[in-house]
Amino acid sequence: MSATAMPESTSWQGSFWLPQNASPLTGGQDALFYFIYYLSVFFFIVVVGFMVYFAWKYRKKKEGEKTPDIHGNTKLEIIWSVIPGILFIVIFIWGFRDWVSLNQPPQDAMEVRVTGRKWDWSFLDVKTGAETSDLFVPVNKAVLLTMSSADVIHGFYVPDFRINRDVLPTMYTKLWFKAEKEGNYPILCTQYCGTKHSQMVRYVRVVSEEEYQKQMIAAQGAGLTPAQLGKKIFEGKGACASCHSVTKERTRLVGPPLYGAYGTDHKILIPPSNKEETIKFDDNYIRKSILEPNYRGVPGYALIMPSYQGQLNDKELSALAEYIKSLKE
């Protein structure tokens, strides 16, 4: 239920092959990538070069010429077995060392709970209890992410940090990073999760400690009216705007538009017979639709909305109703 996160316009920073690396802890991955890359280029030139040379050397020069018998060369075979073997061992040790460091978060890492759902992310700061739609972290602070999905498999990927891990509906997965440079870094989903998969973009906001504290206080909803809190949930935790438009134009998205809907008579379909009924679009309808979205449908729209049972408390449900109620002339 969030204004669908749209990618921010940022200029490319990085090399031809890789984006910038804003987490020096993972710098070894870049070095390993370029080691394998230049190694591949070198051996490609060597192998193709020899192929061309031998094709020219052993070409047919005259009619009736027989192909010479060529027997094995033990010394050569040992060389082309030992050298690749040594290179494979070097690559394995190099990669294993980085893999170990990426799977051993520091004991003092701050913890954040991450929830992925079609088609947005939400982040719960464990220490403050603040929930945000972008991930706010202090600079130079290790961050441990404990991730789960509310519906299908997603992939949590931050290219600038070189971290990527699947987010599953049946179990928790963990990931950690440490950003040493302030800035905004895109979070992408790497598992196809539906029609708006490509728009499932949020940001890691790396800020100063002071700004981080400020954002956490703001995210706790202090000083907001119910409608303002509802809008915040709609555009953040609930990920509602991924599927519902709230503009006067009543743009059709995955779910029905909500602008001007409150207080009107609403046609619904009762499954499995799809019997049509008319009900009032009020607080009870909103609550029921959020907690049990598939017990009745809206003509022309598929029953694909996930349930938010256990994910939103009464205060948040009421705030959402107040926000939807405010969507009118």
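Scroll up for the structure.
The residue count restarts for each chain, going from 1 along the sequence in the order it is written. Totals for whole chains, interfaces and linings use every residue, but because this is a predicted model, local features are given only for residues with pLDDT of at least 70 and side-chain atom pairs only at 80 or more, for both listing and counting. Side-chain measures were taken over the full set of non-hydrogen atoms in the model, leaving aside hydrogen atoms and water.

**Student:** Is there a simple way to explain the packing of helix 5 (residues 283–291) against helix 6 (residues 314–325) in this structure?
**Tutor:** Relative orientation and spacing of two packed helices are given, respectively, by the angle between their axes and the distance between those axes. Relative orientation of the contacting elements helix 5 and helix 6 amounts to 125°, with a least axis distance of 10 Å. When the axis of helix 5 is compared with that of helix 6, the two are oblique. Here helix 5 runs over helix 6; the crossing is right-handed. Two secondary-structure elements touch here, helix 5 through Asp283, Ile286, Arg287, Ile290 and Leu291 and helix 6 through Asp314, Leu317, Leu320, Ala321, Ile324 and Lys325. Grouping the amino acids of the contact of helix 5 with helix 6 by side-chain chemistry returns seven nonpolar, no polar and four charged. Interaxial angle, 0 to 180 degrees, is taken between N-to-C directions of lines fitted to C-alpha atoms, where a helix line uses only the stretch in contact. Each helix is a run of H or I in the DSSP string that is no shorter than four residues. Each strand is a run of E no shorter than two, and both are numbered from the N terminus. Working rule for angles: under 35 degrees goes down as roughly parallel, over 145 as roughly antiparallel, 65 to 115 as roughly perpendicular, anything else as oblique. Each helix crossing is assigned a hand: it is left-handed if the near helix lies turned anticlockwise from the far helix by less than a right angle, otherwise right-handed if that turn is clockwise. Between two residues, a contact is recorded if the distance between any of their heavy atoms is within 4.5 Å. Polarity classes work like this: nonpolar for Ala, Val, Leu, Ile, Met, Phe, Trp, Tyr, Cys and Pro, charged for Asp, Glu, Lys and Arg, and polar for all others, with Gly in that last group.

**Student:** How should the pattern of salt bridges be read in this particular structure?
**Tutor:** Two side chains that carry opposite charge are able to pair once their charged atoms sit near each other. When a carboxyl oxygen of Asp or Glu is within 4 Å of a side-chain nitrogen of Lys or Arg, the pair counts as a salt bridge. Enumeration over the complete set of coordinates arrives at nine salt bridges. Taking the shortest distance from any N to any O, the salt bridge between Glu276 and Lys267 comes out at 3.9 Å. We call a residue buried when its accessible area falls under 20% of the maximum for its residue type, exposed when it is over 50%, and partly exposed in between, using a 1.4 Å probe and counting protein chains only. Given the relative accessible area of 45%, Glu276 is considered partly exposed.

**Student:** Is there a simple way to think about helix 2 (residues 74–102) in this case?
**Tutor:** Every α-helix winds through 3.6 residues per turn, so residues three or four apart in the chain are directed the same way. Along its 29 residues, helix 2 runs 42 Å from first to last C-alpha, staying within 8% of the 42 Å computed at 1.5 Å per residue. Of the positions making up helix 2, those classed as buried are Leu87, Trp94 and Asp98. Each polar contact in these results corresponds to two N or O atoms within 3.5 Å; when the atoms are within protein, one needs to be able to donate a hydrogen and the other to accept it, and residues that are neighboring in sequence are counted only if both atoms are side-chain atoms. At the N-terminal end of helix 2, a side-chain oxygen is found 3.2 Å from the backbone nitrogen of Lys75, two or three residues along, and the residue is Asn73. Residue count minus one, scaled by 1.5 Å, sets the expected span of a helix.

**Student:** Just checking my understanding: could you explain the packing of aromatic side chains for this structure?
**Tutor:** Two measures describe an aromatic ring pair: the distance that separates the ring centres and the angle between the ring planes. To pair, rings of Phe, Tyr and Trp, with the six-membered ring standing in for Trp, must have centres within 6.5 Å; the planes then decide the type, stacked if under 30 degrees apart, edge-to-face if over 60, and tilted in the middle. Counted according to the given criterion, the structure contains 19 aromatic pairs. Each ring, one from Phe96 and one from Trp99, has its centre 6.0 Å from the other, and the planes form 20°; the classification is stacked. Pair noted here: Phe96 and Trp99 are both in helix 2, with a separation of three residues, about one helical turn. Of the residues examined, Phe96 reaches a relative accessible area of 44% and is grouped as partly exposed. Summarising the aromatic geometry, the rings of Phe161 and Tyr185 are spaced 5.0 Å apart at their centres and angled 50° between planes, so their arrangement reads as tilted. Taken together, the residues Phe161 in the loop between strand 6 (154–158) and strand 7 (163–167) and Tyr185 in strand 9 (residues 183–189) connect sequence positions 24 residues apart. One exposure class covers both Phe161 and Tyr185, and it is buried. A connected cluster of aromatic rings, assembled from ring pairs, spans Trp17, Phe33, Tyr34, Tyr37 and Tyr38. Seen from the ring of Tyr172, Arg113 lies directly overhead, with NZ or CZ sitting 5.1 Å from the centre. Throughout this description, the term charge over a ring refers to an Arg CZ or Lys NZ atom that lies within 6 Å of the ring centre and within 35 degrees of the ring normal.

**Student:** I tried to follow the environment of Gly155 on my own but got confused; where do I start?
**Tutor:** Topologically, Gly155 is positioned in strand 6. The spacing of Gly155 and Leu188 is 33 residues in sequence and 7.5 Å in space, taken between C-alpha atoms. Discounting residues that sit within four places of it in the chain, Gly155 has contacts with Trp121, Asn164, Arg165, Asp166, Val167, Leu188, Cys189, Thr190 and Gln191.

**Student:** Just checking my understanding: could you explain the side chain of Arg205 for this structure?
**Tutor:** Relative to the helices and strands, Arg205 resides in strand 10 (residues 202–207). Here Asn184 takes part through its side chain, which lies 3.4 Å from a polar atom of the side chain of Arg205.

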